[in-house]
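Listed below, chain by chain, are the residues.
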Amino acid sequence: MEMEGGVLGKLRRLDVYPKINEDFYRRTLSGGIITLASSVIMLLLFLSELRHYLHAVTETQLVVDTSRADTLKINFDITFPALQCSIISVDAMDISGLEHLDVKHDLIKQRIDSHGNVIDSRQEDIASHKMEQPLQKHGGRLEHNETYCGSCYGAEMSDDQCCNTCEEVREAYRQKGWGITNPDLIDQCKREGFLEKIKEEEGEGCNIYGFLEVNKVAGNFHFAPGKSFQQANVHVHDLLPFGKDSFNMSHQINRLAFGDYFPGVVNPLDGAKWTQLLPFGMYQYFIKVVPTVYTDINNHTIQSNQFSVTEHFRVAEVGQVQSLPGVFFFYDLSPIKVMSKESYESFLHFLTNVCAIVGGIFTVSGILDSFVYHGQRAIKKKMEIGKFS
C-alpha cells in the first residue's frame, strides 16, 4: 500500500493541470459573453472543417508533358448571324504540313434566320438537283441509256475522271489550285442553281458545330468564305464566284473546348461574341493549350486540355492575298501538363485540425477574458480611490 501510494503520489506531481477548488472560482458577465461567443465560433469552425473532411478536394501539380498523344480533339459550336452556310468553309492545318481543307465530316451546318431560328440542318454544301440531259464530258447532252460523265473543265487529274456535280468541279479546281470566276459557265453549277441558292440564302446566318481531330502540334483552324486551295504555296480562298465586295464575319462562340469536359474546367471563349464594323478584316484568336489529366475519386482518368487566349482584329485591304476575311484560331501547346486529382482528407489530418480549432479558440478566449477581467478590476480600483477620470 505504501509503494502504491508512493507511485500515485509521483503521478500526481506530474499533473500539469492542477485543479482549483470551486470556492475560489469567480464567474463574471464578461466571461459568460466571451464563453458564449467562443463556443459559437468554435462550432462554426468545426462544421466548416467537417464539411471539408466529408467532401473530396482537388490537388493540382505541374509536371513536364512527356506524353506522345497522336491527336488533339477540338470541339466547337459557332454561330455566324450574317454569313450563309453555302459559302462558309472550315479548314485546319498544322506546322507538320498536314491540311484538312473544306472539312465536311464530323460537323453540322444549320441555316438560321435573322432571329436565330433554325431553318435547315445539313452536312454537305449546296445539294444537287437532277436535271434532264446534262452536258456530257465529250460536249454533247446525255443520251438515253448513256452513263453520265460530266466535264471537269480542264481540271481533270486523269483522262477517266468525271465531275458530275458542281461540288466535284469546284473540288477539282481546288486540287489544281484554280478558282472559278463565273459558276454560270459551268454546266453542273448552272443546272444545280449554285448562284440562285446563294441569293436565296441572302440575309441568313449559319450555326456550325462538331469537332476536328488534328495532330497534337501547333496549327490553326479557321472559318472563312469560299473554297480554299494552295496557290504558289499560299493558302487562298476562292471568293470570286459569290460576287460580293465584303463578308460580315460577326460571330458568337457558343462553345470551344480542346478535349473532353472534366469538373472545374473553364473554357474562356464560351459565350464570346464579336461584331464586325469594318467591311474587311481577319479576326484572330491566339490560344495556348495546356494538357490536363484529371483523376476523380474513383481513379477514373480524363485526358483533356485547358487553354488561355488572346484576341486580335487584323484590318485588311481589299484585294490583298493576306487579307482573307475569316475567323482564325491559332493554337500552340504548352510543354507543362496539369495533373489534378480528387482525394479525401485523412482522418488524422481532420483530427489535428479539430484539436487546433478547439485549443486555439480556448486559448485565445482565455487570454481575452483575462485581459477584460483584469482591465475591469484596474478601472474599479482607480474609481474607488478617485484617480479615474
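Residues numbered from 1 in each chain as written. Predicted model: local features only at pLDDT ≥ 70, side-chain atom pairs only at ≥ 80, totals over all residues. Heavy atoms only, no water.

**Q** Where do I start with the overall build of the protein in this structure?
**A** Looking only at helices and strands, the protein has six helices and 16 strands in total. For the protein, the proportion of its 389 residues judged to be buried stands at 40%. A separation threshold of at least 6 residues defines the contact pool for the protein, and within that pool the share at least 24 residues apart is 72%. If you sum the accessible surface of the protein, you get close to 23500 Å²; carbon and sulfur atoms cover 57% of it. (Helix = DSSP H or I, 4+ residues; strand = E, 2+ residues; numbered from the N terminus. Buried < 20%, exposed > 50% of the residue type's maximum accessible area, 1.4 Å probe, protein only. Contact = heavy atoms within 4.5 Å. Areas by Shrake-Rupley, 256 points an atom, 1.4 Å probe, with all protein chains shown as cover.)

**Q** Sorry if this is basic, but what is going on with the packing of aromatic side chains here?
**A** How two aromatic rings sit relative to each other is given by the distance of their centres and the angle of their planes. Evaluated as defined, the whole model comprises 21 aromatic pairs. Centre to centre, the rings of tyrosine 53 and phenylalanine 347 are 6.4 Å apart; their planes meet at 65°, and the pair counts as edge-to-face. Of this pair, tyrosine 53 sits in helix α2 (residues 29-54) while phenylalanine 347 sits in helix α6 (residues 347-385); the two residues are 294 residues apart in sequence, bridging distant segments of the chain. Taken together, a centroid distance of 5.4 Å and an interplanar angle of 75° make the contact between phenylalanine 76 and phenylalanine 223 edge-to-face. One end of the pair, phenylalanine 76, is in strand β2 (residues 71-80); the other, phenylalanine 223, is in strand β8 (residues 219-225), with 147 residues separating them in the sequence. Here phenylalanine 76 and phenylalanine 223 have matching classes, each one buried. One aromatic cluster is present, formed by Phe76, Phe80, Phe221, Phe223, Phe258, Trp274, Tyr283, Tyr285, Phe307, Phe313, Phe329 and Tyr331 through successive ring pairs. (Phe/Tyr/Trp six-rings, centres within 6.5 Å; stacked < 30°, edge-to-face > 60°.)

**Q** Would you mind showing me how to read the state of the cysteines here?
**A** Think of a disulfide as a covalent bridge from one cysteine sulfur atom to another cysteine sulfur atom. Counted by the stated rule, this structure contains three disulfides. Residue cysteine 152 pairs covalently with cysteine 163 via a disulfide, S to S 1.8 Å. On the S-S bond that ties cysteine 152 to cysteine 163, the torsion sits near 95°, and the link is right-handed. Highlighted residues: cysteine 152 in the loop between β6 (118-122) and α3 (166-176) and cysteine 163 in the loop between β6 and α3, separated in sequence by eleven residues. Of the residues examined, cysteine 152 reaches a relative accessible area of 0% and is grouped as buried. Residue pairing for cysteine 166: its cysteine sulfur links by disulfide to cysteine 189, the two sulfurs lying 1.9 Å apart. (Disulfide = S-S within 2.5 Å.)

**Q** In this structure, what is going on with the pairing of β8? I would like to understand it.
**A** As a general feature of sheets, a regular strand has side chains that alternate between the two faces. Counting buried residues in β8 gives seven out of seven residues, a clear majority hidden from the surface. Relative to strand β15 (residues 326-333), β8 runs antiparallel, the two sharing five bridges. In the sheet register, glycine 219 faces β15, and the bridge partner there is tyrosine 331. (Pairing = 2+ DSSP bridges.)

**Q** Quick question: what am I supposed to make of the environment of valine 358 here?
**A** Relative to the assigned elements, valine 358 resides in helix α6. The partly exposed category is assigned to valine 358, whose relative accessible area is 38%. Along the primary structure valine 358 and methionine 42 are separated by 316 residues, whereas in three dimensions their C-alpha atoms are 6.4 Å apart.

**Q** Mind showing me how you'd approach the nonpolar core here?
**A** Nonpolar side chains in soluble globular proteins tend to end up buried together. By size, the foremost hydrophobic cluster in this structure holds 50 residues, and its most contacted members are Phe221, Phe223, Leu256, Phe258, Ile287 and Phe329. Ranked by the residues each element gives to this core, the list is headed by β2, at five residues. If we ignore the near neighbours within four places in the chain, the residues touching leucine 256 are Ile74, Asn75, Phe76, Phe221, Asn267, Leu269, Asp270, Ile287, Phe307 and Phe329. (Core = buried A, V, L, I, M, F, W, Y, C linked by side-chain atoms within 4.5 Å.)

**Q** How do you make sense of a positive patch on the surface when you look at a structure like this?
**A** Residues Arg26, Arg377, Lys380 and Lys381 make up a contiguous surface patch of positive charge. Tracing the backbone shows arginine 377 in helix α6. (Patch = residues over 30% accessible without salt bridge, like charges linked within 9 Å, V, L, I, M, F, W, Y side chains within 5 Å. Salt bridge = Lys/Arg side-chain N within 4 Å of Asp/Glu carboxyl O. Lys, Arg positive; Asp, Glu negative; His and termini not counted. Charge placed at Lys NZ, Arg CZ, Asp CG, Glu CD.)

**Q** Could you clarify how one ought to interpret unusual backbone geometry in this entry?
**A** Leave glycine aside and you will find that most residues have negative phi; peptide bonds, for their part, are mostly trans. Even without glycine at this site, aspartate 106 takes up a positive phi of about 65°. You can see aspartate 106 is positioned in the loop between β4 (99-100) and β5 (107-112). One non-glycine residue with positive phi stands out, namely asparagine 299, at about 65°.

**Q** Would you take a moment to explain the side chain of glutamate 204 for this structure?
**A** Mapped onto the fold, glutamate 204 is located in the loop between α5 (194-200) and β7 (205-215). Within the structure, the side chain of glutamate 204 is placed 2.7 Å from the side chain of arginine 111, a separation counted as a polar contact. (Polar contact = N/O pair within 3.5 Å; in protein donor to acceptor, adjacent residues only side chain to side chain.)

Note that every value here comes from positions in space, so none of it alone points to a role or purpose.
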